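# Fold and contact review
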Amino acid sequence: MYIFDFDKLKKGDIILEKADNQTSELVRKFSHSTYSHAILYVGAGSCIEADDIVISFNIQRKLVENKDYVCVLRLKEEQDPLVIENIILNARMNVGMEYSMDDAKGIISEKYRPGNTRRQTCTRFVAQAFEKVGLRLVENANFCSPEELLESELLEEVKDVLREATDKEIEYAKSESILPKQHRIIKEVLEKVRGVTQSDIQELNELKDFVIQHQEYDETIADILIKSGYLNLWKEDEERMPYHYDLAKFVQYYGKNVLEAAQFVMEISQPELMRYMFCHFQMLQDMKTFGHLKVVQLFTDLYENLTDFTMRRIVIAESVIDYFFNG
């Protein structure tokens, strides 16, 4: 069993994969592709993909049976880090959006292509994320196959991205994760909101703007959010991994690997902190005019909590790193 080698991956890498099952075989057959699925690596072990909905996941949980089942592509020309961050931001904006099997058929033939592309496919959201910053990977970002990404003149393959997984890594990959629960809740929230409003809301970040324009739905959407449990999911991380929020427990849990663990926590948490702080700042601006709206209040409180929560992890990790380098 193999796992991705973090040292070989960079933000903005595109992972193409296939599986030994009928669905993958059919996708490859009808799209004339070597691979059947596309994933965007966004750094610090995190990826985004279009599955049932567009979701994020931890690449540490992706085990690979055969080295020939994956291929990693990277831009040939070095890009400004800000360009890569914007690509990742474009991809994140799609989280929660529905996957469309009908749109996926459009990759095979133009006669299946709908005029409305307010849905996603695995290759579309990747190609669109790059095209929005002026990097046209394929001729048609809305309808492209994994093979077209593989053959893109702007991309090149990165070799030796896999290594053998240790028993501990295999155990972790198969252990319970909070992300499936998060994905299920996001999907249910959006489905309920679409049902109530009869509007094609595809992303969580559209809820606030929708309520500002249609304030008659404020109480209803706020109630859906509260009852879903989404606003309190962040608390479960501390319940599952209390050692990330207590210095003594952190040192005890990671033992001889404590410095490496602290550096990894920092790598993951710092981009999250910047994102949450930015979102919180935006919500505070909206509060000045729309603070009477419950949905605006809920998202403002959520991003404040996420900012504080992430900062707690960073403080613990910084304390460990400071001890090792400064004594």
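Let us look at the structure shown here. Not measured: the values here are computed from a predicted model. (Residues numbered from 1 in each chain as written. Predicted model: local features only at pLDDT ≥ 70, side-chain atom pairs only at ≥ 80, totals over all residues. Heavy atoms only, no water.)

Take the nonpolar core next. It is characteristic of soluble globular proteins that their nonpolar side chains tend to be buried jointly. Val189, Leu207, Ile221, Leu225, Tyr230 and Phe299 are the most contacted members of the largest nonpolar core, which totals 35 residues. Elements represented by at least two residues in this core include exactly α7 (179-197), α8 (207-213), α9 (218-228), α10 (233-240), α12 (258-290) and α13 (294-326). Ranked by the residues each element gives to this core, the list is headed by α13, at eight residues. Core analysis: the second largest hydrophobic core is formed by 30 residues, Leu40, Ile88, Ala129 and Ala141 among them. (Core = buried A, V, L, I, M, F, W, Y, C linked by side-chain atoms within 4.5 Å. Buried < 20%, exposed > 50% of the residue type's maximum accessible area, 1.4 Å probe, protein only. Helix = DSSP H or I, 4+ residues; strand = E, 2+ residues; numbered from the N terminus.)

Moving on, we come to the state of the cysteines. With the rule as written, the count across this model stands at zero disulfides. Not engaged in a disulfide, the cysteine Cys71 finds its nearest cysteine sulfur in Cys122; these two sulfurs lie 14 Å apart. The thiol of Cys144 is unpaired, and the distance to the nearest cysteine sulfur, on Cys122, comes to 8.3 Å. For Cys144, a relative accessible area of 0% puts it in the buried group. (Disulfide = S-S within 2.5 Å.)

This next bit is on the layout of surface pockets. Volume-wise, the second largest pocket comes out at about 660 Å³. Of all the elements in the fold, those that place two or more residues in the lining of the second largest pocket are α1 (22-31), β4 (46-50), α3 (101-105) and α4 (122-131). Looking at side-chain class alone, the lining of the second largest pocket contains twelve nonpolar, nine polar and seven charged residues. (1 Å grid on protein atoms, 1.4 Å probe; cavity = no way out; pocket = protein on both sides within 12 Å on 5 of 7 lines; lining within 4 Å. Points joined across faces, edges and corners; volume = space filled by probe spheres on them. Nonpolar A, V, L, I, M, F, W, Y, C, P; charged D, E, K, R; others polar.)

For the rest of this paragraph, the subject is unusual backbone geometry. The residue Asp160 is not glycine, and still its phi comes out positive at about 55°. Looking at the secondary structure, you find Asp160 in the loop between β7 (155-158) and β8 (162-164). The exposure class of Asp160 is exposed, given its relative accessible area of 58%. Residue Gln198 is not a glycine yet carries a positive backbone phi of 55°. Looking at where Gln198 falls in the secondary structure, it is placed in the loop between α7 and α8.

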